[in-house]
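Commentary on secondary and tertiary structure
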Amino acid sequence: MGNGFDFSVERLAGTGVPGGKAPASESGRYTGQSDGTDLNVGHYKRSPQHGGVNVPLQNGIGAGTFYLETFGCQMNEHDSEKVAGVLLARGYTQVERTDEASVILYNTCSIREKAAQKVFSRLGEYRTTRKEGQVIGVLGCVAQQEGEDIFERAPWVSLVCGSASYRKLPELLAQLEAGGKRITGLDLDTDETFETEITRRDNPWRAYLTIIEGCDKACSYCVVPYTRGPERSRASASVLVEVRQLADMGYTEVQLLGQTVNSYADPSARRMRFSELLEAVAEVAGIRRVRFTTSHPRDFGKDIVEAIETVPGICEHVHLPVQSGSTNVLRAMARTYTRDEYLEKIALLHGSKRRISITTDLIVGFPGETEKDFKETLSLLDAVQYDGAFSFKYSPRPNTPSLKMDDAIPEEEKSRRLATLMEKQREIQRARNERLVGETVEVLVEGKSKRENQWSGHTSSNKVMNFTSPEQKLLGHYVQVRVTGASPNSLIGEHTKV
Ligand code: SAM
Ligand code: SF4
C-alpha cells in the first residue's frame, strides 16, 4: 500500500479518510479490487477530536480516551465506525497510540485461523506492557466466538463484546470504571443492531450502511452464522431516513452492506424488495452512486440487473462470490447452487445493457477438492471473466461442519492451487483492463498524490483509477477521465474536460 496521497478534508464526526486498507486475506491473496480497499490513498489522519474529556492521568494516559484497531472485512470496518461514533458521542476522545489510551479496543475477525491468531498475538503484547488502569477490550467475531474463554487465555482483557451490543459499550465501560472486573456483551438477538446515535465515518464521500445483519445460509466452512447470528434486516424507511441525512451531510456515494445483502427482507409493512430499495436509495437527492455488497448467488435475480440497467446511479458492479467452480465442492460447501445455476446468474449480468463488472470470492483446497474440481474452478474463471477476485486457502474453523470432513488438502497443495488461480485471474484482469484503454469513464476523486497533479479514485465499475489533471481542487468531485494505461489492479488516465 502506498501512502503517497494526502488529504485535508474534515467531516462532522471526526476527520479523516480511508488509509489504503489491505483486504482481509491473511491466508489468501487479493487479485482484484473491491470496496475501495486497495485504493492507493494516504494514511487516515486524525486531528485532536471534538468533545471528550482529555485529562492526563499520572501514568501518561488520558482519561476518556480510546484506541481502536480493526481486523477483517468491510462490515468490520463499518462496525468500527459505529463503535467510534458511540464513544465520541459519549465524550471519549480517539487517540492514535495505545500507550495514550485509557481504553484499547480490538475489533476482530475470525473468518480464517490466521486472522484470529493475529488478534491473540496482539493481545499477548499487553501481558507485560499494560499500564495501570488501562482497559483492554475484544470486540467483533473473535469476541462472539470465544466469549468468556478470552478471559482465561488473556487474563488482562476485561471487556468482551460482540457486534450486536456496541450501543451498550459506554454502559459496559462504566461498569468497569465502577469496579467491574470482567464484563461481556454477547447477546445476538438485540433489536438495536442498526441504529447508533452517531457513526464516525472514515470516508468523506462514501458512506457505508448496514441493511442486513447476520447470515442464515450455513455454508459448511463459515463462522459468520455463529459470530453474527441470524439474518435481521433493517426497515426500509429507517434506511432511507439515514440516506437522506447522509446526502444532507454531503455524502454522494452510499454502499449498502450485509453478509448477504441481497437476501434483504424489509421487516416493515412496506415489504420493499432489495432491488426496489436500491432504486429508492439512488433516487435520494444528492446521492450519485449506490453500491452494495456482498450478494449471495441464490438470492440474486433479474430484478437486480434490471435496477442497475434502468437507474444510472446504481453502480455497474456486482460482487458475487462463487467459492468453487465444481458442483461437487459447492455441494460439500452447502452453497445451495450448482455451477450451472451460478452461470445462469452470470448470464444475466453478461446480457445486461450496461457493462457490469463482476468480482468474486474463491476458496481453494476445501476438503476433498480433487485436481478435477480445481480445474473446474480455473475453467469457471475463463467462462465468467471476473474483473477481480479475493482468493483464499481453505481454513478449518471451530463449530463449522467442514471441520469434520475427511480428505484434508495438504498446505503445500493449497498454496500451489492458490498461486495457479491467482496467476490466471491476474492475466484475465490485465486483459480486461487493457480493453478499456482509450475509453472515457467517470471517476469519483478520493485521493491526491503529494506529487503535483496526481489523483486517484474509483469508477462506477469499482476500478481504481490513478490519473493526472491540471486542476487543483478535485477531491470529492466526479470527473471524466480518459484511460491511457492499465495493469491487473488499476487503470491510468488523464482528466478530460467536457
Ligand atoms: N457472505 C459472503 C458470501 O457468501 O460469499 C462472504 C462473507 S465471508 C466474510 C468472505 C469470504 O471469506 C467468503 O466469501 C469466503 O471466500 C471466505 N471464507 C469464509 N470462510 C472461510 C474459511 N473457513 N476458509 C477460507 N476462506 C473462507
Ligand atoms: Fe458465510 Fe455462507 Fe453466510 Fe457468506 S453466505 S456469510 S460464506 S455462511
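Residues numbered from 1 in each chain as written. Chains lettered and ligands numbered in written order. Predicted model: local features only at pLDDT ≥ 70, side-chain atom pairs only at ≥ 80, totals over all residues. Heavy atoms only, no water.

**Remarks on the packing of helix α9 (residues 274-283) against helix α10 (residues 302-310)**
Note the cut-off: Axis lines are fitted to C-alpha atoms, over the contacting stretch for helices. Their N-to-C directions set the angle, which ranges from 0 to 180 degrees. The way it works is that DSSP assigns letters per residue, a run of H or I at least four long becomes a helix, a run of E at least two long becomes a strand, and they are numbered from the N terminus. Orientation categories follow fixed angle ranges, with anything under 35 degrees roughly parallel, anything over 145 roughly antiparallel, 65 to 115 roughly perpendicular, and all other angles oblique. For any helix crossing, the convention is left-handed if the near helix is rotated counterclockwise from the far helix by under a right angle, and right-handed if that rotation is clockwise. Throughout, a residue-residue contact means that at least one pair of heavy atoms, one from each residue, lies within 4.5 Å. Any residue outside Ala, Val, Leu, Ile, Met, Phe, Trp, Tyr, Cys, Pro, Asp, Glu, Lys and Arg is labelled polar, Gly included; the first ten of those are nonpolar and the last four are charged.
In contact at an axis separation of 8 Å, α9 and α10 are set at 15° when each is read in the N-to-C sense. In terms of orientation, α9 and α10 fall into the roughly parallel class. α10 is crossed by α9, and the crossing has right-handed handedness. Along its contact with α9, which presents Phe274, Ser275, Leu278 and Glu279, the element α10 presents Asp303, Ile304, Ala307 and Thr310. Of the residues in the contact of α9 with α10, the class split is four nonpolar, two polar and two charged.

**Things to note about the pattern of salt bridges**
Spelled out, the test is: When a carboxyl oxygen of Asp or Glu lies within 4 Å of a side-chain nitrogen of Lys or Arg, that pair is called a salt bridge. For every residue, the accessible area (1.4 Å probe, protein chains only) is compared with the maximum for its type, and the residue is labelled buried under 20%, exposed over 50%, or partly exposed between those bounds.
Tallied over the entire structure, the rule returns 37 salt bridges. A salt bridge links Glu442 to Arg288; the nearest nitrogen and oxygen atoms lie 2.6 Å apart. Here Glu442 is found in strand β19 (residues 440-449), whereas its partner Arg288 is found in the loop between α9 and β15 (289-293), with 154 residues between them in sequence. Residue Arg288 is classed as partly exposed on the basis of its relative accessible area, which comes to 42%. In this structure, Lys424 and Asp382 form a salt bridge, with 3.1 Å as the shortest nitrogen-oxygen distance.

**Observations concerning unusual backbone geometry**
That bond from Thr293 to Thr294 is cis: its omega, 5°, falls within 30 degrees of zero. The backbone phi angle of Arg271 is positive, close to 50°, even though this residue is not glycine. Residue placement: Arg271 occurs in the loop between β14 (253-257) and α9. Even without being glycine, Gln385 reaches a positive phi, approximately 60°. Summarising the element assignment, Gln385 is placed in the loop between α13 (371-384) and β18 (388-393).

**Topic: the site of ligand 2**
Quick note on the threshold: Nearness is judged by heavy atoms alone; a residue qualifies as near a molecule or strand once a single heavy atom is within 4 Å of it.
If you check the shell around ligand 2, you find Cys215, Lys217, Ala218, Cys219, Tyr221, Cys222, Val224, Pro225, Gln259, Thr260, His296 and Arg335 and nothing else. Counted by class, the shell around ligand 2 contains seven nonpolar, three polar and two charged residues.

**What to know about the site of ligand 1**
Formally: A 3.5 Å cut-off defines polar contacts: any pair of N or O atoms within that distance qualifies, except that in protein one atom must be a possible hydrogen donor and the other a possible acceptor, and neighbouring residues in sequence count only when both atoms are side-chain atoms.
The local shell around ligand 1 holds 16 residues, among which Tyr221, Gln259, Gln323, Asp361 and Ser395 are the closest. Here a nitrogen atom of ligand 1 sits 3.0 Å away from a polar atom, N or O, in the main chain of Tyr221. Contact distances for ligand 1 include 2.6 Å between an oxygen atom and a side-chain N or O atom of Asp361. Broken down by secondary-structure element, the contributors of at least two residues to the shell around ligand 1 are β17 (357-364) and β18.

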